[in-house]
Amino acid sequence: MASQREEIQRLAEEFESCQKILLALGDENRQHLILEMMRIEQCGGVRVGTITERSHLSRPAVSHHIQILKDAGILKLRREGTKNYYYFDADTGAMNRLISMLEHAKKIMEQLPDRSGNDE
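Residues numbered from 1 in each chain as written. Predicted model: local features only at pLDDT ≥ 70, side-chain atom pairs only at ≥ 80, totals over all residues. Heavy atoms only, no water.

Asks: I would appreciate a short explanation of the packing of aromatic side chains in the present structure.
Replies: Note on aromatic pairs: each is described by the distance of the centres and the angle between the planes. Within this structure, the stated rule accounts for 0 aromatic pairs. Sitting over the ring of Tyr85, Arg78 keeps its end group 4.6 Å from the ring centre. (Phe/Tyr/Trp six-rings, centres within 6.5 Å; stacked < 30°, edge-to-face > 60°. Lys NZ or Arg CZ within 6 Å of the ring centre and 35° of its normal.)

Right, dumping it as structure tokens:
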């Protein structure tokens, strides 16, 4: 069985491989955009203008955040002529790495002793 030090080192490597998706999901503005896209309920995709109308951000800012979500593998783009539609289609490999990393972190934390100093 791997030592605790080896497990934590492996977790650090897993965490590093998830940085792009964590960065994309960790931003409050991108979280807002994701929630608004879900609330719009357009499975076939949403245009930047529609998303902008439902946010407090400028169109260039929305485009910037959409690009980060796209680069992280959370959104994809569908083109119809000159119109771009963004939709959820997460990179399953990236999502599986994120889920695996979180499960591994939980497993390590469950094995650690209480370090809070509380004698409960």
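There's more to say after this.
Asks: Would you explain the pattern of salt bridges in this entry?
Replies: Two side chains of opposite charge can pair, provided their charged atoms sit close to one another. Counting across every chain of the model gives 7 salt bridges. A salt bridge links Glu7 to Arg10; its shortest N-O distance comes to 3.5 Å. Pair noted here: Glu7 and Arg10 are both in helix H1 (residues 4-17), with a separation of 3 residues, about one helical turn. Residue Glu36 pairs with Arg54 through a salt bridge whose shortest N-O separation is 2.9 Å. Of this pair, Glu36 sits in helix H3 (residues 28-40) while Arg54 sits in the loop between helix H4 (48-53) and helix H5 (59-71), and the two are 18 residues apart along the sequence. (Salt bridge = Lys/Arg side-chain N within 4 Å of Asp/Glu carboxyl O. Helix = DSSP H or I, 4+ residues; strand = E, 2+ residues; numbered from the N terminus.)

Asks: What am I meant to see in helix H6 (residues 92-111) here?
Replies: Counted at 1.5 Å a residue, the expected span for H6 with its 20 residues is 28 Å, and the 29 Å between its end C-alpha atoms agrees. Looking at the packing, one finds that the buried side of H6 touches H1 and helix H2 (19-26). Measuring from the backbone nitrogen of Gly93 back to the side-chain oxygen at the start of H6 gives 2.9 Å, which picks out Asp91 as the cap. (Expected span 1.5 Å × (residues − 1). Contact = heavy atoms within 4.5 Å. Polar contact = N/O pair within 3.5 Å; in protein donor to acceptor, adjacent residues only side chain to side chain.)

Asks: How should a nonpolar patch on the surface be read in this particular structure?
Replies: Taken together, Leu35, Met38 and Phe88 make up a surface patch of nonpolar side chains, about 280 Å² in accessible area. Here Phe88 is to be found in strand E2 (residues 83-88). (Patch = residues over 30% accessible without salt bridge, like charges linked within 9 Å, V, L, I, M, F, W, Y side chains within 5 Å. Areas by Shrake-Rupley, 256 points an atom, 1.4 Å probe, with all protein chains shown as cover.)

Asks: Help me understand the pairing of strand E1 (residues 75-80), please; the structure alone is not making it clear to me.
Replies: Here E1 runs beside E2; their pairing, made up of 6 bridges, is antiparallel. Following the sheet pairing, Arg78 is matched in E2 by Tyr85. In this antiparallel pair of consecutive strands, E1 and E2, the connection spans 2 residues, and Gly81 shows a positive phi of 65°. (Pairing = 2+ DSSP bridges.)

Asks: Please clarify how H5 should be interpreted in this entry.
Replies: Since the α-helix packs 3.6 residues into each turn, any two residues three or four apart lie on the same face. When the terminal C-alpha atoms of H5 are compared, their 18 Å separation across 13 residues agrees well with the 18 Å that a helix rising 1.5 Å per residue should span. For H5, the complete set of buried residues consists of Val62, His65, Ile66 and Leu69. Around the axis of H5, the buried residues are gathered within 105° of arc, so they sit on the same side. Gly73 lies just past H5 and shows a positive phi near 85°. (Buried < 20%, exposed > 50% of the residue type's maximum accessible area, 1.4 Å probe, protein only. Arc of directions from axis to C-beta.)

Asks: Is there a simple way to explain the confidence of the model for the chain in this structure?
Replies: Fine structural detail should not be taken from predicted coordinates in areas where pLDDT scores are low. Here the chain averages 88 in pLDDT, and 97% of its residues register 70 or above. Mean pLDDT values for the elements of the chain range from 89 in H6 up to 94 in H5. (pLDDT = per-residue confidence, 0-100.)

Asks: Whenever I open this one, the packing of H3 against H5 confuses me. Can you help?
Replies: Packed helix pairs are specified by the crossing angle of their axes together with the interaxial distance, meaning the distance between the axes. It is the contact of H3 with H5, at a shortest axis distance of 10 Å, that shows an interaxial angle of 85°. The orientation of H3 with respect to H5, classified from their angle, is roughly perpendicular. For the pair H3 and H5, contact is made by Asn29, Arg30, Leu33, Ile34 and Met37 and by Val62, His65, Ile66, Ile68 and Leu69, respectively. For the contact of H3 with H5, the per-class residue count stands at 7 nonpolar, 2 polar and 1 charged. (Axes fitted to C-alpha atoms, helices over the stretch in contact; angles between N-to-C directions. Parallel < 35°, antiparallel > 145°, perpendicular 65-115°, else oblique. Nonpolar A, V, L, I, M, F, W, Y, C, P; charged D, E, K, R; others polar.)

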